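These are the residues of each chain, in order.
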Amino acid sequence: MVRLNIFLLLAVVICSLAVVTSQHKARKIFQALEAEQEHARQLEVEFGQLQLELSTWGTAPRIEKIAREKLKMRAPETGHMITATPTGGLPQ
């Protein structure tokens, strides 16, 4: 009977240590999950900011300003313009 009690006590101690260990691991994993979710939120905010910045970089006035200032381009004179007319296509 004493051996059975010692065996049961040892089983209880081992099970309780396993429970404590598994709870500790679960808490560590949960903390890592929360940290990654926070990082994902920060990346989403940064992505939104980059999309906004990209939309401002591609605006027509900015492109025109760069073309005039850096590339020394200018609008063609009316006499030098050629208009293209579509040929074929769908009947109207």
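Worth saying up front: this structure is predicted, and the values here are computed from it rather than measured. (Residues numbered from 1 in each chain as written. Predicted model: local features only at pLDDT ≥ 70, side-chain atom pairs only at ≥ 80, totals over all residues. Heavy atoms only, no water.)

K.L.:
Account for the overall build of the protein chain, with residues named and values stated.
P.N.:
Across its full length, the protein chain holds two helices and zero strands. Scaling as 2.2 N^0.38, a compact globule of 92 residues should have a C-alpha radius of gyration of about 12 Å, whereas the protein chain reaches 36 Å, well beyond that. Along the three orthogonal principal directions, the C-alpha set of the protein chain runs to about 110 × 40 × 15 Å. The 92 residues of the protein chain split such that 1% are buried. As displayed, the protein chain offers around 9200 Å² of accessible surface, 66% of which is attributable to carbon and sulfur atoms. Averaging the positions of the 11 positive and the 9 negative side-chain charges in the protein chain gives two centres separated by 8 Å. (Helix = DSSP H or I, 4+ residues; strand = E, 2+ residues; numbered from the N terminus. Rg over C-alpha atoms; globule rule 2.2 N^0.38 Å. Buried < 20%, exposed > 50% of the residue type's maximum accessible area, 1.4 Å probe, protein only. Areas by Shrake-Rupley, 256 points an atom, 1.4 Å probe, with all protein chains shown as cover. Lys, Arg positive; Asp, Glu negative; His and termini not counted. Charge placed at Lys NZ, Arg CZ, Asp CG, Glu CD.)

K.L.:
Mind laying out the pattern of salt bridges, listing which residues take part and the relevant values?
P.N.:
Any two side chains of opposite charge can pair, on the condition that their charged atoms come close. Applying the stated rule across the entire model yields two salt bridges. Between Arg41 and Glu38 there is a salt bridge, with the nearest N and O atoms lying 3.0 Å from each other. Here Glu38 and Arg41 lie together in helix 1 (residues 2-57), a separation of three residues that amounts to about one turn. Of the residues examined, Arg41 reaches a relative accessible area of 44% and is grouped as partly exposed. The residue Glu64 makes a salt bridge to Arg68 at a minimum N-O spacing of 3.8 Å. In this pair, Glu64 and Arg68 both sit in helix 2 (residues 60-69), four residues apart, roughly one turn of the helix. The class of Glu64 is partly exposed, set by a relative accessible area of 46%. (Salt bridge = Lys/Arg side-chain N within 4 Å of Asp/Glu carboxyl O.)

K.L.:
Break down the environment of Cys15 for me, citing the residues and quoting the values.
P.N.:
Examined against the element boundaries, Cys15 turns out to sit in helix 1. Once the C-alpha coordinates of Cys15 and Val2 are considered, the two residues, 13 residues apart in sequence, prove to be 20 Å apart.

K.L.:
So what about a nonpolar patch on the surface? Which residues, and what values?
P.N.:
The grouping of Met1, Leu4, Phe7 and Leu8 at the surface amounts to a nonpolar patch, some 470 Å² of accessible area in total. Along the chain, Met1 falls in the segment before helix 1. For Met1, a relative accessible area of 75% puts it in the exposed group. (Patch = residues over 30% accessible without salt bridge, like charges linked within 9 Å, V, L, I, M, F, W, Y side chains within 5 Å.)

K.L.:
Please give an account of unusual backbone geometry that cites residues and values.
P.N.:
Apart from glycine, the bulk of residues carry a negative phi angle, and the bulk of peptide bonds sit in the trans form. Residue Lys72 is not a glycine yet carries a positive backbone phi of 55 degrees. The residue Lys72 is located in the segment after helix 2 in this model.

K.L.:
Can you explain the environment of Leu52? Please cite residues and give values.
P.N.:
Examined against the element boundaries, Leu52 turns out to sit in helix 1. As a C-alpha pair, Leu52 and Met81 span 29 residues in sequence and 35 Å in three-dimensional space.

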